[in-house]
Amino acid sequence: MLAVALTIGHLTNALRQRVDDAELRAVERTALFGLAASLTGSMTREMCVDAVGKFLRDQIQARCAVLVPDDGGRLQPLSGSGEYTLSQAEQAAAQAAYEQATGFDTRELGNDDGERVLLSLRGATRRRGVLIVAAGEAAAPLAGRVELLHAIADLLATALERIHYVEVAAQSEQAARDERLRARILAALSHDVRTPLTSI
């Protein structure tokens with residue numbers, strides 16, 4: 001009877017753990033859908049970073065910073081990601097992760113010896129930057145949340161790429177508008193010059 005009771009207790013605990021894990025995954029999945037909706041509605045890169053930062057705070061008690069490349073390929077932190085100040089070691093590690101296209105890199109960085117995870121933001125056409133996730137004091141180890149962090153990085157990379165193409169389309173439209181305006185001005189000037197010449 002003791003052996004049966006111990007076996008049943010062990011099986012019950014294992015089943016309860018599986019139920020808890022399933023409930024946690026369901027909550028995370030629902031939150032990811034909400035994050036995807038927020039990123040879809042974001043109109044600027046800073047809004048994307050704010051949405052990801054809020055998600056990480058609420059779900060895993062972590063902070064984040066997002067670095068994107070400038071015209072020279074050097075990573076610069078986005079203004080919306082000012083949840084904490086990046087150390088030189090973090091910036092150097094992010095630059096290395098960006099250049100090497102590292103998918104997932106966990107390391108100890110900074111003076112507080114806190115855990116940091118660096119995720120390369122890979123879009124369909126090129127890399128869009130690096131996401132740095134910093135574990136909070138009471139947070140679980142980030143290395144155990146690999147799938148969730150990869151999903152966040154993929155969503156963020158897709159959103160940043162979409163915003164990039166929206167900006168390119170807006171610039172192209174503005175250039176076409178400027179060209180049409182220039183053509184109209186030249187046509188008007190040409191007409192104004194031809195009219196007195198014809199009279200003369």
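Structure: see above.
The residue count restarts for each chain, going from 1 along the sequence in the order it is written. Note on the predicted model: pLDDT of at least 70 is required for a residue's local features to be given, and 80 or more for side-chain atom pairs to be given and counted; whole-chain, interface and lining totals, by contrast, use all residues. Only hydrogens and water are removed before side-chain values are computed, so all heavy atoms of the structure are retained for them.

### Quick word on the packing of aromatic side chains
- Stacked, edge-to-face and tilted are the three classes for Phe, Tyr and Trp ring pairs, Trp counted by its six-membered ring, which pair at centre distances within 6.5 Å; planes under 30 degrees apart are stacked, over 60 edge-to-face, the rest tilted. Across all of its chains, the model carries zero aromatic pairs by this definition.
- Cation over ring: Arg-127 sits above Tyr-98, and NZ or CZ is 4.9 Å from the ring centre.
- Stacked on the ring of Tyr-165, the Lys or Arg Arg-128 has its end atom at 5.8 Å from the ring centre. By definition, being over a ring means that NZ of Lys or CZ of Arg is both within 6 Å of the ring centre and within 35 degrees of the ring normal.

### Some thoughts on the pattern of salt bridges
- Only one rule defines a salt bridge in this text: a Lys or Arg side-chain nitrogen within 4 Å of an Asp or Glu carboxyl oxygen. In the structure shown here, the tally under the stated rule is four salt bridges.
- Asp-58 is the partner of Lys-54 in a salt bridge, and the nearest nitrogen-oxygen pair spans 3.0 Å. Taken as a pair, Lys-54 and Asp-58 lie in helix α2 (residues 45-60) at a separation of four residues, close to a single helical turn.
- Between Arg-182 and Glu-179 there is a salt bridge, with its nearest N and O atoms 2.8 Å apart. Note that Arg-182 and Glu-179 are positioned in helix α4 (residues 146-199) at a spacing of three residues, about one turn of the helix.
- Overall, the relative accessible area of 42% leaves Glu-179 in the partly exposed class. By the criteria applied, helices consist of DSSP H or I runs no shorter than four residues and strands consist of E runs no shorter than two, each listed in order from the N terminus. Three exposure classes are used, based on accessible area relative to the maximum for each residue type with a 1.4 Å probe and protein chains only: buried under 20%, partly exposed in between, and exposed over 50%.

### A word on the environment of Glu-99
- Mapping Glu-99 onto the fold places it in helix α3 (residues 88-100).
- Considered as a pair, Glu-99 and Leu-75 are 24 residues apart in the sequence and their alpha carbons are 9.9 Å apart.
- Not counting chain neighbours up to four residues away, the residues in contact with Glu-99 comprise Arg-74 and Arg-127. The contact rule is simple, with two residues in contact once any of their heavy atoms fall within 4.5 Å.

### With respect to the environment of Ala-65
- Mapped onto the fold, Ala-65 is located in strand β1 (residues 62-69).
- Given the relative accessible area of 1%, Ala-65 is considered buried.
- Between the C-alpha atom of Ala-65 and that of Pro-77, which follows or precedes it by 12 residues, the distance is 7.0 Å.

### Digging into the nonpolar core
- Residues enter a nonpolar core if they are buried and are Ala, Val, Leu, Ile, Met, Phe, Trp, Tyr or Cys, with the set joined through side-chain atoms within 4.5 Å. Val-52, Leu-56, Leu-131, Leu-149 and Ile-152 are the most contacted members of the largest nonpolar core, which totals 32 residues.
- Secondary structure elements with two or more residues in this core: α1 (2-41), α2, β1, β4 (114-122), β5 (127-135) and α4.
- Among the elements that make up this core, the one with the highest residue count is α4 (nine residues).
- Look past the residues within four positions of Ile-152 in its chain and what remains in contact with it is Leu-32, Leu-35, Val-52, Phe-55, Leu-56 and Leu-131.
- Ala-65, Leu-67, Ala-97 and Tyr-98 belong to the second-largest nonpolar core, a separate cluster that totals 11 residues.

### Here's the deal with a nonpolar patch on the surface
- Distance thresholds for patches are 9 Å for like charges and 5 Å for nonpolar side chains (Val, Leu, Ile, Met, Phe, Trp, Tyr), applied to residues having over 30% relative accessible area and no salt bridge. All accessible-area figures derive from a Shrake-Rupley calculation using a 1.4 Å probe, and residue coverage is judged against the displayed protein chains alone. On the surface, a nonpolar cluster with roughly 380 Å² of combined accessible area is contributed by Leu-181, Ile-185, Leu-186 and Leu-189.
- A relative accessible area of 49% means that Leu-189 is categorised as partly exposed.

### As for the side chain of Arg-128
- Following the sequence through the fold, Arg-128 ends up in strand β5.
- The definition of a polar contact used here is a pair of N or O atoms within 3.5 Å, where within protein one atom must be able to donate a hydrogen and the other to accept one, and adjacent residues in sequence count solely through side-chain atom pairs. Engagement of the side chain of Arg-128 in a polar contact is seen with the side chain of Glu-161, the distance being 3.1 Å.
- When near neighbours in sequence (up to four residues on either side) are disregarded, Arg-128 contacts Leu-67, Val-68, Pro-69, Leu-121, Gly-123, Ala-157, Leu-160, Glu-161, His-164 and Tyr-165.

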